[in-house]
Each structure stands twice: as structure tokens, then as C-alpha cells.
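# Structural description and commentary
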Amino acid sequence: MPQMTDIEWRDFVMTGTLTGKLAVTRSDGRPHVTPIWFVLDGDDIVLTTDKNSIKGRALRRDPHAALCVDHQEPPYHFAMIEGRVALSNDPGELFRWATAIRCRYMGPENAEQFGARAAVPDELLVRLRATRVIAQWKMAR
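Reference entry: report on the structure contained in this document. (Residues numbered from 1 in each chain as written. Predicted model: local features only at pLDDT ≥ 70, side-chain atom pairs only at ≥ 80, totals over all residues. Heavy atoms only, no water.)

### Here we look at the pairing of strand 6 (residues 77-88)
This is how the line gets drawn: Should DSSP find at least two bridges between two strands, the strands are taken to pair. Here a strand is any run of E in DSSP of at least two residues, a helix any run of H or I of at least four, and the numbering for each starts at the N terminus.
As judged from the eight bridges shared by strand 5 (residues 64-71) and strand 6, these two strands associate in the antiparallel manner. Within the sheet, the bridge partner assigned to C68 lies in strand 6 and is M80. The turn joining strand 5 and strand 6, which pair antiparallel and follow one another in sequence, is formed by five residues; a positive phi near 65° is taken by Y76. Here 11 bridges tie strand 6 to strand 7 (residues 123-136), and the two strands are oriented antiparallel to one another. From the neighbouring strand, S88 faces strand 7, where its bridge partner is L125.

Structural data, given as C-alpha cells:
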């Protein structure tokens, strides 16, 4: 299976509206995977979450996470990104990034409204810094 280059995996994860599947570890050690919307900012996968959600609580306790983005049609491609997260509840940053995320997945109409809804005290901005990436083209040839 051909490996993606650094530029290729970055382009791939930002193609269209592919969603990510974020994996975190619950306090009892069980895994938790949830679909997410995200954008890429340099080496960071940027997303938002409620601080009291399972992923929000897990990331506040343990900053390690993994994200899988895959294309679910033949010949199948994927990128798996591991790293540590940095969390912020800065309203300006939450507004900026939540608006960008909404714009990516739902278009520019109402993107600012979504950004305003996310810029609240219970919301977290999550930056997953990519420290390890495994990305492959054409899983099934």
C-alpha cells in the first residue's frame, strides 16, 4: 500500500467534508471513539467539544488522543494521527475555529451563528498536535 507524503495526508484530511473519528481513553481505561468535524491548522487538528462530554472529560484528564480520517469507497484511503492535545476556552479562539469548522462542513451561511454558540464557557477548543501519522493510499487495489 502506498504511503502518503506529509503534504498528501494534509491535503487528504482536508478534502471535502470527510469526518474524523477521535479516540480517547475513559477514566476506567475503556476506549471511546466519536465522529467529529475538524479543520487542520499547521500540525494541529482543531475541533471543539463540550468540556463535560465524554471526550471533553477524557482529554482534560489525559491529553493523548488519536484521530482516523478515512475515505470509505474503493480503493479506500486513510490517515491515522496520534498526538497530545492542548485545550483552551478562550472565547475569541473558540469563535474563530468553530466558525471555520462549520463553514467547512455546512457552508458559509450560518457559520458565524455556530461560532457564537461555541464561544461559551462550557466549550473547549481542542488542538491535537500530530506527532505520529500513518497514512496510506489504496488499501484495496
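### Comments concerning the packing of aromatic side chains
Defined as follows: Pairing of aromatic side chains here covers Phe, Tyr and the six-membered ring of Trp, requires ring centres within 6.5 Å, and sorts the geometry by plane angle: under 30 degrees stacked, over 60 edge-to-face, intermediate tilted. Using a 1.4 Å probe on the protein chains alone, a residue whose accessible area is under 20% of its type maximum counts as buried, one over 50% counts as exposed, and one in between counts as partly exposed.
Inspection of every chain in the model, using the stated rule, returns three aromatic pairs. Between F12 and W137, the aromatic rings sit 6.0 Å apart at their centres with planes inclined by 75°, giving edge-to-face as the arrangement. With F12 in helix 1 (residues 6-13) and W137 in the segment after strand 7, this residue pair connects regions lying 125 residues apart in the sequence. For F12, a relative accessible area of 6% translates into the label buried. Between W37 and Y105, the ring centres sit 5.0 Å apart and the planes meet at 5°, which makes this aromatic pair stacked. Of this pair, W37 sits in the loop between strand 2 (31-36) and strand 3 (39-41) while Y105 sits in helix 3 (residues 91-106); the two residues are 68 residues apart in sequence, bridging distant segments of the chain.

### Some thoughts on the nonpolar core
Under the convention used in this document: Think of a nonpolar core as a cluster: buried Ala, Val, Leu, Ile, Met, Phe, Trp, Tyr and Cys residues, connected wherever their side-chain atoms sit within 4.5 Å. Contact definition: two residues touch when any of their heavy atoms are within 4.5 Å.
W9, V13, L22, F38, I45 and L67 are the most contacted members of the largest nonpolar core, which has 31 residues in total. Here this core gets five residues from one element, more than from any other, and that element is strand 7. If we ignore the near neighbours within four places in the chain, the residues touching V13 are F38, L40, V69, A79, I81 and R104.

### What to know about the pattern of salt bridges
For clarity, the cut-off: The salt bridge definition used is simple: a Lys or Arg side-chain nitrogen within 4 Å of an Asp or Glu carboxyl oxygen.
Applying the stated criterion across every chain yields a total of nine salt bridges. A salt bridge links D122 to K51; its shortest N-O distance comes to 3.7 Å. Here K51 lies in the loop between strand 4 (44-50) and helix 2 (54-61) and D122 lies in the loop between helix 4 (111-118) and strand 7, a separation of 71 residues in the sequence. Among the charged side chains, a network of salt bridges with common partners joins D41, D44, R127 and R129.

### Brief notes about a nonpolar patch on the surface
Rule in force here: Patches here: salt-bridge-free residues with over 30% relative accessible area, like charges joined within 9 Å, nonpolar side chains (Val, Leu, Ile, Met, Phe, Trp, Tyr) joined within 5 Å. Exposure was quantified through the Shrake-Rupley algorithm and a 1.4 Å probe, taking into account, for residues, occlusion by the shown protein chains and nothing else.
Taken together, the side chains of M1, Y76 and M139 define a hydrophobic patch exposed on the protein surface, amounting to about 280 Å² of accessible area. Tracing the backbone through its elements, the reader meets M1 in the segment before helix 1.

### Quick notes on the side chain of H77
Basically, it comes down to this: Under the rule applied, a polar contact is a pair of N or O atoms within 3.5 Å (in protein, one hydrogen donor and one hydrogen acceptor; residues adjacent in sequence only if both atoms are side-chain atoms).
Looking at the secondary structure, you find H77 in strand 6. Side-chain polar atoms of H77 contact the backbone nitrogen of K138, separated by 3.0 Å. Setting aside residues no more than four positions away along its own chain, H77 makes contact with M4, F12, V69, D70, H71, Q136, W137 and K138.

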